[in-house]
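Close look at the chain arrangement
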Amino acid sequence: MISFTLRSILRKGITLFLISIVSFLIIHLAPGEPSQIDPLNPRFTKEDIVRYRAAFDLDKPLPLQYLSFYKKLFSGRLKSFKDNLPVLGKIKERFLNSLPLFVVGTLITWSLAFPVGISAAINRGGIFDKTTTFMAYLLISVPGFFMAYLLILFVVNNFHVSVLGMRTFGMEDASFIASFMDRVWHLVIPSLLGSLVGIAYLSRYVRSQMLEVMGEDYIRTARAKGASEDSVYYHHALRNALLPFVTMFGMLIPAMIGGSVIIESILAWPGMGRLGYEAILARDYPVVITLNFVAAFLVLMGTFFSDLLYMLVDPRIKL
Amino acid sequence: MDISLNEDNRDILTKDGGRLAKVWGLMAENRLAATGLIFFIIFLSLSLFGAVTTNGTNPLFNPETVRLSDKLLPPLSSATLANMLKSELPPLGIYILGTDDLGRDIFSRMLQGAIVSLQVGFISIGISVILGVIIGGIAGFYGDRKVFGPLTVDTIIVGLIDIQLSFPTFFLILTVVALLPPSIWNIMIVIGLTGWVGPARFVRAEALALKGQDFVLAAMATGMSDIRIIFRHILPNAISPVLVSATIGIADAILTESALSFLGFGVPPPNATWGNILANGRNFIFDAPWLIYIPGIAILVTVLSFNLLGEGLRESLNPKLRSG
């Protein structure tokens with residue numbers, strides 16, 4: 001068990017190191033190198049290039065550039081081009097804003113995907129299965145930005161609440177309940193949007209896992225033994241279908257962070273995704289490049305966490 | 001259903017038409033997949049039709065004609081004939097899908113945008129699949145060769161896959177596209193370069209499983225080159241999962257491109273894409289809702305058709321998943 005944890009940490013550590021190299025190398029894609037300045041590209045002015053070179057020490061050799069980039073980043077000397085604030089602090093603040101979205105989104109995903117996937121597997125081929133299958137494809141296929149507008153129009157027209165931003169402006173004096181409900185509405189819409197794709201994938205995954213397990217011999221044995229259908233499904237099948245399923249925990253994080261760019265931009269939620277979009281528009285390269293690194297780091301943490309979960313759930317590793 | 005179907009599906013690439021016909025038959029049985037196929041064919045013909053009719057010096061459907069007298073007209077409304085040149089009139093004299101805030105015909109713009117989606121879908125996934133097959137083939141076939149100390153080829157490639165999976169793809173693509181000069185080719189290449197993991201994994205798994213099999217050993221014994229063995233003997237066996245992941249990958253690529261266009265990092269204007277038609281329309285969400293619904297539903301239906309098709313292929317090619 002300890003060796004498994006250590007191996008997992010070692011693996012993630014190596015991956016993190018490589019990720020730090022890749023996210024650093026993204027800088028060199030931009031035409032900031034002396035040989036690659038593209039005079040026709042209106043996105044780069046001379047001042048941009050000078051600033052860019054200074055921020056990333058482009059005149060030093062590559063390994064030194066790498067070291068100084070991360071040294072600057074962690075000592076807080078890597079400043080945003082836009083407002084001269086330390087990059088890591090800025091990202092931390094926005095990450096804390098995004099966190100409730102990720103948490104609520106994950107909760108919505110899991111609490112909906114599980115029951116839907118299980119009942120679809122139990123009623124395989126039935127109307128419920130067919131409907132949810134089609135719904136899942138619909139959710140995977142609908143563009144996030146289109147869905148966001150549909151949902152905004154629906155909620156605003158039917159419930160007459162405001163959904164843009166983190167809270168309604170001017171509600172400071174409202175009663176506790178009113179301002180609490182206001183917060184909830186503002187939180188639920190982007191979380192729901194962020195969880196739609198996850199619900200679709202996860203419910204399909206739960207369904208196929210359940211079906212696979214239900215074809216196993218020990219399920220037949222359980223039935224032959226005279227166990228009730230419910231006991232077969234929930235006691236024998238579900239527990240084993242859960243095993244490879246914890247891996248999905250880490251897999252859903254990248255989609256959520258990627259999706260947050262569009263959702264937070266449309267719904268004016270001051271989170272990490274919106275910070276990324278604003279930074280790209282403002283050509284704030286230190287922020288953009290660090291965000292890629294931070295996002296990959298978060299994903300890595302998520303997969304590490306799901307490795308640990310796996311260890312807890314799978315008795316074979318506990319040796 | 002005969003037992004040999006499993007073997008039959010394995011060489012779908014061989015000349016035998018009967019096997020292909022069987023897969024077709026299974027596809028037709030699956031109603032969702034058949035619907036997907038039909039919509040895909042409609043999309044394909046519309047985008048080819050659009051490529052022909054919206055290009056050239058004097059196109060039949062001109063997506064760039066600005067008619068300020070006819071702005072924000074709802075679908076099926078007719079053009080104001082007064083003060084309009086003959087060349088500015090839309091074909092048939094009506095705007096089938098309405099006009100936008102500059103009076104440009106949405107139908108023509110949608111036609112022009114269709115080919116962009118088609119191109120992005122197929123070319124970027126083509127890049128992904130080629131890259132994935134090469135990387136996966138190397139990992140599976142030469143996996144146990146030592147490169148450096150205890151590092152094997154396989155460890156390195158699995159590490160690469162781990163790195164790629166750790167980056168939130170959409171954010172990475174957005175960053176790279178924003179750093180590079182705006183062009184549709186850059187978008188296709190970037191989407192392609194980030195999508196190789198799926199195909200690579202399937203090819204790797206299949207190559208690992210088949211490497212020790214007698215027919216591969218026999219091929220080696222005859223002195224066949226490694227490349228030929230990979231492409232003639234291993235790849236055909238991995239083709240069904242690769243095909244499925246490519247079909248679903250096309251759907252993802254179309255979604256990614258439309259999202260990039262929506263954020264303003266797509267194909268540079270005035271060229272229309274479904275994403276930027278929707279992005280323009282959001283300013284008129286209450287006055288002209290069709291500017292959002294038309295491109296949104298078009299993207300939805302196209303992406304859905306690829307997803308259903310991919311799922312249909314998966315079920316038809318994999319006998320284990322079939323019921324009955």
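Quantities reported herein were computed from a predicted structural model and do not represent experimental measurements.

Rules behind the numbers
- Residues numbered from 1 in each chain as written.
- Chains lettered and ligands numbered in written order.
- Predicted model: local features only at pLDDT ≥ 70, side-chain atom pairs only at ≥ 80, totals over all residues.
- Heavy atoms only, no water.
- Helix = DSSP H or I, 4+ residues; strand = E, 2+ residues; numbered from the N terminus.
- Buried < 20%, exposed > 50% of the residue type's maximum accessible area, 1.4 Å probe, protein only.
- Contact = heavy atoms within 4.5 Å.
- Buried area = accessible area lost by both parts, 1.4 Å probe.
- Salt bridge = Lys/Arg side-chain N within 4 Å of Asp/Glu carboxyl O.
- Expected span 1.5 Å × (residues − 1).
- Bend = angle between axes of the 7 residues up to and from the residue.
- Phe/Tyr/Trp six-rings, centres within 6.5 Å; stacked < 30°, edge-to-face > 60°.
- Lys NZ or Arg CZ within 6 Å of the ring centre and 35° of its normal.
- pLDDT = per-residue confidence, 0-100.
- Polar contact = N/O pair within 3.5 Å; in protein donor to acceptor, adjacent residues only side chain to side chain.
- Patch = residues over 30% accessible without salt bridge, like charges linked within 9 Å, V, L, I, M, F, W, Y side chains within 5 Å.
- Areas by Shrake-Rupley, 256 points an atom, 1.4 Å probe, with all protein chains shown as cover.
- 1 Å grid on protein atoms, 1.4 Å probe; cavity = no way out; pocket = protein on both sides within 12 Å on 5 of 7 lines; lining within 4 Å.
- Points joined across faces, edges and corners; volume = space filled by probe spheres on them.
- Nonpolar A, V, L, I, M, F, W, Y, C, P; charged D, E, K, R; others polar.

Some details on the overall build of chain B
Scanning chain B from terminus to terminus reveals 12 helices and four strands. Each of the 324 residues in chain B was classed as buried or not, and the buried ones make up 52%.

What about the interface of chain B and chain A?
Between chain B and chain A, the residue contacts involve 45 residues of the former and 48 residues of the latter. When chain B packs against chain A, the two sides together hide about 4200 Å² of surface, and 77% of this comes from carbon and sulfur. Among the residues of chain B in contact with chain A, F167, F171 and L179 of chain B are the three that bury the most area, contributing 17% of the side total. The interface formed by chain B and chain A includes one salt bridge.

A closer look at helix α10 (residues 226-263) of chain B
Side chains of residues three or four places apart in an α-helix project in the same direction, reflecting 3.6 residues per turn. Residues and elements named next belong to chain B. Between its first and last C-alpha, α10 extends only 45 Å over 38 residues, short of the 56 Å set by a 1.5 Å rise per residue. For α10, the principal kink sits at L235 and spans about 55°; a proline, P236, occurs within the next four residues. Of all 38 residues making up α10, 28 are buried, and the element is well covered by its neighbours. Phi turns positive, to about 90°, at G264, one or two residues after α10.

Structural notes on the packing of aromatic side chains
Counted according to the given criterion, the structure contains 21 aromatic pairs over all chains. Between F24 of chain A and Y66 of chain A, the ring centres sit 5.6 Å apart and the planes meet at 80°, which makes this aromatic pair edge-to-face. In this pair, F24 of chain A sits in helix α1 (residues 2-25) while Y66 of chain A sits in helix α3 (residues 62-75), placing the two residues 42 residues apart along the sequence. Residue Y66 of chain A is classed as buried on the basis of its relative accessible area, which comes to 16%. Members of the aromatic cluster, connected to one another through ring pairs, are F17, F24, Y66, F69, Y70, F74 and F293 of chain A. Positioned above the aromatic ring of F262 of chain B, the side-chain terminus of R282 of chain B is 4.5 Å from the ring centre.

Regarding the environment of Y201 of chain A
Here Y201 of chain A shows up in helix α7 (residues 176-214). In the structure, Y201 of chain A is positioned 84 residues away from G117 of chain A in sequence and 9.8 Å away in space, judged by C-alpha atoms. Here Y201 of chain A is in contact with I140 of chain A together with D252 of chain B, once residues within four sequence places are set aside.

Quick notes on the confidence of the model for chain A
Residue and element names in this part refer to chain A. Scored by pLDDT, chain A has a mean of 82; 92% of the residues are at 70 or more. For chain A, helix α2 (residues 46-56) is the element with the lowest average pLDDT, namely 71, and helix α5 (residues 127-141) is the one with the highest, namely 90. Predicted confidence is poor over residues 32-38, with pLDDT under 50, and the contacts of this stretch with residues over four places away or in other chains come to 16 contacts.

A closer look at the side chain of S258 of chain B
Residue and element names in this part refer to chain B. By the element assignment, S258 lies in helix α10. On the basis of relative accessibility, which here comes to 2%, the residue S258 falls in the buried class. From its side chain, S258 meets the backbone oxygen of L255 in a polar contact 2.8 Å long.

Quick word on a nonpolar patch on the surface
All names here are of chain B. Together, I38, F39, I42, L46, F49, Y293, I297 and V301 line one region of the surface with nonpolar side chains, adding up to about 670 Å² of accessible area. A per-element tally of the nonpolar patch places helix α3 (residues 31-53) first, with five residues. On the basis of relative accessibility, which here comes to 34%, the residue Y293 falls in the partly exposed class.

A look at empty space enclosed by the protein
The full count for this structure, using the stated rule, is two cavities of 30 Å³ or more. One number sums up the size of the largest cavity: a volume of about 80 Å³. Lining the largest cavity are L101, F102, G105, P190, S191, G194, M256, G259, S260, I263 and E264 of chain A. Where the lining of the largest cavity is concerned, the elements lending two or more residues are α4 (87-122), α7 and α10 (247-266) of chain A. Here the lining of the largest cavity gets five residues from one element, more than from any other, and that element is α10 of chain A. Taken together, the residues of the lining of the largest cavity sort by class into five nonpolar, five polar and one charged. By volume, the second largest cavity amounts to about 40 Å³. Around the second largest cavity sit I257, M272, G273, L291 and A295 of chain A together with F171 of chain B, which together line it. Of all the elements in the fold, those that place two or more residues in the lining of the second largest cavity are α11 (272-281) and α12 (285-313) of chain A.

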